[in-house]
Amino acid sequence: MISAVHTPLTGRLNTLVISGRVEAGRAVLVPRGELVQGCADTLARTLDDLPADTGRVDLDMAQVVFMDTAGLQFLDLLDAYGHWRSIPVRATRWSGQPRRILELAGLDTADPLDRTARPADPADPDAESPETESPDTEAPAVSAVAMERAEQLRLLRTEVEQLRRAIASRPVIDQARGILMATHTCSSDEAWNILRQASQLSNTKLHTVAAAVTAGVGGDGPPPPQEVRRALRTAASRTLR
C-alpha cells in the first residue's frame, strides 16, 4: 500500500494528494485535487516510492477537479517515466474541466498517454474525412461541411483563449483569497465574496483587484488604489458582519 502524498502548494487553497496500492507488480494511483503548479513534483515523489519491480502504472483521474497547463507537465513526467522504465503507463477516467482541457489540447480524453489514439485536427488538410473520400461528392455539400468545421474551429479557438485567460488569473486570485483569509480570519468562501464584491463596488476586474491585494502584501509593493481599498473595506464589512 502506497502512503498518500500530501503536498500543500504555497499560496494556494487546495492540495494534490496521490494515494494508491501495488498488487502483483501493478501500481494503481489515485490523484485527488488539482493539477496545478507543483503537481509534477508530487507525482515525481510518488513514482520514486514505487517498488523497483513495478511493471505497470495506472492512474485513476476521476477525482481530479481542475487542471491548468501544469497538468500537461504532470502528463509529460508520467509519459517519460513509462519510457524510462519501459513499462505501460495509463491515465484514465478523466471528467469535467480536466477532460475539456485535454480536448482543447488535442489529446485523447480516454487516455492522453495513448499515442495510438489522437483525435483528428479539423484544421489539418490531410486528415481523412467522409466527404473527401468519395470523388462523387457534390461541391456544395463539401463547402457546407467545410464552413461548419471552420465555425466549430473558430468557437474552439475562442474557448481556448478564454480558458488560457482564466488559467493565467487563477493563481493570483487564489493568492489574494489566502491573504484575505489570513487578514480577516475568514473562510475561503468569505474571502471570495470579499473579492467579488470589491470588484463590483470599484468597477474593477476581479483579476485586477486580486493583483492589487497580492502586490502590497510584502510591504515593499504598491498599495491597492484608493477606490479598490475602499471597496475592499466595504466588502469585508458586509461579508463579515
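Each chain has its residues counted from 1, following the order in which its sequence is written. Since the coordinates come from a predicted model, pLDDT governs what is reported: local features require at least 70, and pairs of side-chain atoms require 80 or more to be given and counted, while whole-chain, interface and lining totals use all residues. With hydrogens and water stripped out, all remaining heavy atoms of the structure feed into the side-chain values.

A few points about the overall build of the protein
What counts as a helix is a DSSP run of H or I of at least four residues, what counts as a strand is a run of E of at least two, and both are numbered from the N terminus. Per the secondary structure count, the protein includes 8 helices and 6 strands. Walking the protein from its N terminus toward its C terminus, one meets helices and strands in the order β-β-β-α-β-β-α-β-α-α-α-α-α-α. Counting over 241 residues, the protein shows a buried share of 38%. In what follows, a contact means two residues having at least one pair of non-hydrogen atoms within 4.5 Å. In the protein, the proportion of contacts linking residues at least 24 apart, taken out of those at least 6 apart, comes to 59%. A total of about 13900 Å² of accessible surface is found on the protein, and carbon and sulfur atoms cover 51% of it. Accessibility here uses a 1.4 Å probe with only protein chains present; expressed as a share of the type maximum, an area under 20% marks a residue as buried, one over 50% as exposed, and anything in between as partly exposed. Accessible surface is estimated by sampling points in the Shrake-Rupley manner with a 1.4 Å probe; for residues, cover comes only from the protein chains shown.

Observations regarding the nonpolar core
In plain words, nonpolar cores are sets of buried Ala, Val, Leu, Ile, Met, Phe, Trp, Tyr and Cys residues tied together by side-chain atoms within 4.5 Å. Core analysis: the biggest nonpolar cluster contains 27 residues, and Leu35, Val57, Phe74 and Leu75 have the highest contact counts within it. Secondary structure elements with two or more residues in this core: strand S2 (15-23), strand S3 (26-35), helix H1 (39-48), strand S4 (56-60), strand S5 (64-67), helix H2 (70-85), strand S6 (89-92) and helix H3 (96-104). Apart from residues lying up to four places away in sequence, Val57 is in contact with Ala27, Leu29, Leu50, Tyr81, Ile87, Pro88, Val89 and Arg90. Counting 18 residues, the second largest nonpolar core, distinct from the first, contains Ala176, Ile179, Cys186 and Ala212.

Observations concerning helix H8 (residues 226-240)
Expected span, for any helix, means 1.5 Å times one less than how many residues it has. Across its 15 residues, H8 extends 21 Å between first and last C-alpha, which sits within 8% of the 21 Å expected from 1.5 Å per residue. Three or more residues of H8 are buried, namely Val228, Ala231, Leu232, Ala235, Ala236 and Thr239. Seen along its axis, H8 keeps its buried residues to an arc of 130 degrees; they face one direction. Each direction from the helix axis to a C-beta atom contributes to the arc, which is the arc of those directions.

Here's the deal with the environment of Asp53
Position of Asp53 among the secondary structure elements: in the loop between H1 and S4. We classify Asp53 as exposed; its relative accessible area is 62%. Sequence-wise, Asp53 and Ala24 are 29 residues apart; in three dimensions their C-alpha atoms are separated by 9.4 Å. Ignoring any residue separated from it by four or fewer positions in sequence, one finds Asp53 in contact with Gly25 and Arg85.

Focus: the side chain of Gln197
Of note, Gln197 is situated in helix H6 (residues 188-202). Under the rule applied, a polar contact is a pair of N or O atoms within 3.5 Å (in protein, one hydrogen donor and one hydrogen acceptor; residues adjacent in sequence only if both atoms are side-chain atoms). Among the polar contacts made by the side chain of Gln197, one reaches the side chain of Thr239 at a distance of 3.3 Å. If we ignore the near neighbours within four places in the chain, the residues touching Gln197 are Ala235, Arg238 and Thr239.

Some thoughts on H1
What H1 keeps buried is the set Cys39, Ala40, Thr42, Leu43, Thr46 and Leu47. Buried residues of H1, seen end-on, are gathered within an arc of 155 degrees and therefore sit on one face of the element.

What to know about the pattern of salt bridges
A carboxyl oxygen of Asp or Glu within 4 Å of a side-chain nitrogen of Lys or Arg is what we treat as a salt bridge. Taken as a whole and judged by the stated rule, the model has 7 salt bridges. Across the pair Glu23 and Arg21 runs a salt bridge whose closest N-O atoms are separated by 3.2 Å. Of the residues examined, Glu23 reaches a relative accessible area of 49% and is grouped as partly exposed. Here Glu103 and Arg99 are joined by a salt bridge, their closest N and O atoms 3.9 Å apart. Of this pair, Glu103 and Arg99 are both found in helix H3, 4 residues apart, which corresponds to roughly one turn of the helix. The network of salt bridges with shared partners includes Arg26, Arg56 and Asp58.

Some details on the pairing of S4
As a general feature of sheets, a regular strand has side chains that alternate between the two faces. If DSSP finds at least two bridges between two strands, the strands pair. In this sheet, S4 lies alongside S3 in parallel orientation, the contact comprising 4 bridges. Note that in S4 the partner of Val28 across the bridge is Asp58. A right-handed crossover is one whose linking path, passing over the helix from the first strand to the second, runs clockwise when the strands point away from the viewer. Between S3 and its parallel partner S4, the chain crosses via H1, and the hand of that crossover is right-handed. Strand direction decides the pairing type here: S4 and S6, joined by 4 bridges, are parallel.

Notes on the confidence of the model for the protein
Within a predicted model, pLDDT stands for the predictor's per-residue confidence, ranging from 0 to 100. Confidence along the protein averages 78 in pLDDT terms, with 71% of residues attaining 70 or more. When the elements of the protein are averaged for pLDDT, strand S1 (residues 2-8) gives the smallest value, 39, and S4 the largest, 97. Taken as a whole, residues 1-14 scores under 50 in pLDDT and shows 42 contacts with residues more than four places along the chain or in a different chain. Below pLDDT 50 for its whole length, residues 118-142 participates in 20 contacts with residues either more than four positions away or in separate chains.

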